[in-house]
Amino acid sequence: MDINCCAPTCQKPAKMRCPICIKNGIMPNSHYCSQECFASFFSVHKLVHNGISPSNGVSSKFNNFKFTGPLRPGVVSPMAKVPDHIKKPDYAVSGIPVSERNWDESVIPKFESEDDLKKLRAVALIGRKALDLGHSLVKPGVTTDAINNAIHDFIISQDAYPSPLNYRGFMKSICSSVNEVICHGIPDSRPLEEGDIVNIDVSVFKDGFHTDLNETFPVGKIDAESQRLISATYKSLEEAIKICKPGVMYRRVGDRIGEVITPEGFSIVRTYCGHGVGQLFHGPPNVSHYPRSKDVGIMQKGHVFTIEPMINAGVFSDLTWPDEWTSVTKDGKRSAQFEHTLLITDDGVEVLTKRLESSPPLSL
Ligand code: MF3
Ligand code: CO
């Protein structure tokens, strides 16, 4: 049987194969009629070299993967470019956050100068406006890729950098986590569906500082249990923020979240925690969201960190998809999250990423 050229619009007899596929022993059917046809299709074909099938665009790593719930990955579009004039974090080219790796875990930075606080407030405001823009786009039929692109363009328009982009190789500018996804969902071609819940997580870098926030939104009308999950998660973050002030142990945050969540019958994710944020995207302190954690450290004026509880309708345990990012619940039940960046002040806490008059209202 003759083999035909596999370029989409060509059916001529095949005469050659991609040399990279031959070398790597992959894609035995990637035959082409000519060097010209191969070259014209190469921009799409080369995706298979990274384990992405051009027929459906979903990584072949998912072949035979046992999903925990109903959600399936869509197609991830190519990585965005950031204009040269925008100041980038140290990992933007290499993917490796060198300054995070070299940071002394036991040192929590303090931000006290008016100049630092001004920059932190400004970057937090860009993050807030970017999240509100994303929120305004959430409706059935809209893809998380489209939401990613709108937020990316807005952040760039503010001469800022979307912190997730190429952080440890992450390929998008936001995380979008649908239904049973706990966190680190990769924006893709899947249209949001009526009844979904979606978390949008925005982090922005400008003038040397990162800030970080997220919210979970209903898509159209959702079931009562999902609504209760979102409302309890929001309340747990609000209550945890209320205890923050100088002298309070970081481990009290998880204790307080437990007091809100446990009576609701929901569970608290243990694998992912709040974190220091500022000149690093992720640094000390570690802020667990569950009770009786072993977290060390005491809140002091000038500390900047996130609280970002991930709350599950079923079991607390998580598992990561073969894309090496998407974290899902082990039982496939839903998960919700809210996050703020906080600054410890003289006698309390300032919510740097606080909602604005103009923020679209949450349905709680
Ligand atoms: N924004 C997330 C957080 O709240 C971290 C995302 S890391 C990424 O900490 F690489 F996935 F972007
Ligand atoms: Co965070």
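Residues numbered from 1 in each chain as written. Chains lettered and ligands numbered in written order. Predicted model: local features only at pLDDT ≥ 70, side-chain atom pairs only at ≥ 80, totals over all residues. Heavy atoms only, no water.

Draft legend 1. View of empty space enclosed by the protein. Evaluation of the coordinates by the stated rule reveals 2 cavities of 30 Å³ or more. When its volume is computed, the largest cavity comes out at roughly 60 Å³. Every residue along the wall of the largest cavity is listed here: Ile 108, Pro 109, Phe 111, Gly 276, Val 277, Gly 278, Gln 279, Leu 280, Pro 284, Pro 285 and Val 304. Within this model, the second largest cavity holds a volume of roughly 40 Å³. Residues of the lining of the second largest cavity, tallied by class, amount to 3 nonpolar, 2 polar and 4 charged. (1 Å grid on protein atoms, 1.4 Å probe; cavity = no way out; pocket = protein on both sides within 12 Å on 5 of 7 lines; lining within 4 Å. Points joined across faces, edges and corners; volume = space filled by probe spheres on them. Nonpolar A, V, L, I, M, F, W, Y, C, P; charged D, E, K, R; others polar.)

Draft legend 2. Inspection of the site of ligand 1 at higher detail. Near ligand 1, the surroundings consist of 14 residues, among which Pro 164, Asp 212, His 282, Glu 308 and Glu 339 are the closest. Here an oxygen atom of ligand 1 sits 3.0 Å away from a polar atom, N or O, in the side chain of Glu 339. Contact with the protein chains removes 96% of the 330 Å² of surface that ligand 1 exposes when unbound. Its residues placed into classes, the shell around ligand 1 shows 6 nonpolar, 4 polar and 4 charged. (Near = heavy atom within 4 Å. Polar contact = N/O pair within 3.5 Å; in protein donor to acceptor, adjacent residues only side chain to side chain. Areas by Shrake-Rupley, 256 points an atom, 1.4 Å probe, with all protein chains shown as cover.)

Draft legend 3. Structural context of the side chain of Thr 345. Residue placement: Thr 345 occurs in the loop between strand S16 (340-344) and strand S17 (349-351). Only 3.4 Å separates the side chain of Thr 345 from the backbone nitrogen of Val 349, close enough to count as a polar contact. Not counting chain neighbours up to four residues away, the residues in contact with Thr 345 comprise Pro 246, Lys 301 and Glu 350. (Helix = DSSP H or I, 4+ residues; strand = E, 2+ residues; numbered from the N terminus. Contact = heavy atoms within 4.5 Å.)

Draft legend 4. Structural view of the nonpolar core. Core analysis: the largest hydrophobic core is formed by 67 residues, its most contacted members being Ile 200, Val 202, Phe 305 and Ile 307. Elements with a contribution of two residues or more to this core: helix H4 (114-137), helix H5 (144-157), strand S6 (197-206), strand S7 (209-218), helix H6 (224-242), helix H7 (251-261), strand S11 (304-307) and S16. Not counting residues within four places of it along the chain, the set of residues in contact with Ile 307 comprises Leu 237, Ala 240, Ile 241, Cys 244, Val 253, Ile 257, Val 287, His 289, Phe 338, Glu 339, His 340 and Leu 342. (Core = buried A, V, L, I, M, F, W, Y, C linked by side-chain atoms within 4.5 Å. Buried < 20%, exposed > 50% of the residue type's maximum accessible area, 1.4 Å probe, protein only.)

Draft legend 5. Main features of H4. The end-to-end C-alpha separation of H4 is 35 Å, in line with the 34 Å expected for 24 residues at 1.5 Å each. For H4, every residue scored as buried is listed here: Leu 117, Leu 120, Val 123, Ala 124, Ile 126, Gly 127, Arg 128, Ala 130, Leu 131, Asp 132, Gly 134 and His 135. Of the surrounding elements, those touching the buried residues of H4 are H5, S6, S7, S11 and S16. (Expected span 1.5 Å × (residues − 1).)

Draft legend 6. Region of the structure containing the pattern of salt bridges. Tallied over the entire structure, the rule returns 17 salt bridges. Between Asp 115 and Lys 119 there is a salt bridge whose closest N-O contact spans 3.2 Å. Here Lys 119 and Asp 115 lie together in helix H4, a separation of 4 residues that amounts to about one turn. Classification of Asp 115 by relative accessible area gives partly exposed; the value is 40%. Note on Lys 119: relative accessible area 27%, which makes it partly exposed. Of the charged contacts, one joins Asp 255 and Arg 252 as a salt bridge, the two residues approaching to 2.6 Å between their closest N and O atoms. Highlighted residues: Asp 255 and Arg 252, both in helix H7, separated by 3 residues, approximately one helical turn. (Salt bridge = Lys/Arg side-chain N within 4 Å of Asp/Glu carboxyl O.)

Draft legend 7. Fine view of the coordination of the cobalt ion (ligand 2). Protein ligation of the cobalt ion (ligand 2) involves Asp 212 (OD), His 275 (NE2), Glu 308 (OE) and Glu 339 (OE), the donor distances falling in the range 2.0 to 2.2 Å. Every donor counted, the 6 donor atoms about the cobalt ion (ligand 2) form angles of 56 to 159° at the centre, which fits irregular coordination. Site description for the cobalt ion (ligand 2): donor spacing in sequence, D-x62-H-x32-E-x30-E. Highlighted residues: His 275 in strand S9 (residues 274-276) and Glu 308 in the loop between S11 and strand S12 (310-312), separated in sequence by 33 residues. Note on His 275: relative accessible area 6%, which makes it buried. (Donors = N, O, S within 2.8 Å, 3.2 Å for Na, K, Ca; no water. Tetrahedral: all angles 85-135°; square planar, octahedral: opposite > 155°, others 65-115°.)

Draft legend 8. Expanded view of the environment of Ser 293. Following the sequence through the fold, Ser 293 ends up in the loop between strand S10 (283-287) and S11. A C-alpha to C-alpha distance of 8.1 Å links Ser 293 and Asp 255, two positions 38 residues apart in sequence. Each residue touching Ser 293, except ones within four places of it in the same chain, is listed here: Arg 251 and Ser 288. There is a polar contact of 3.2 Å between the side chain of Ser 293 and the backbone nitrogen of Asp 295.

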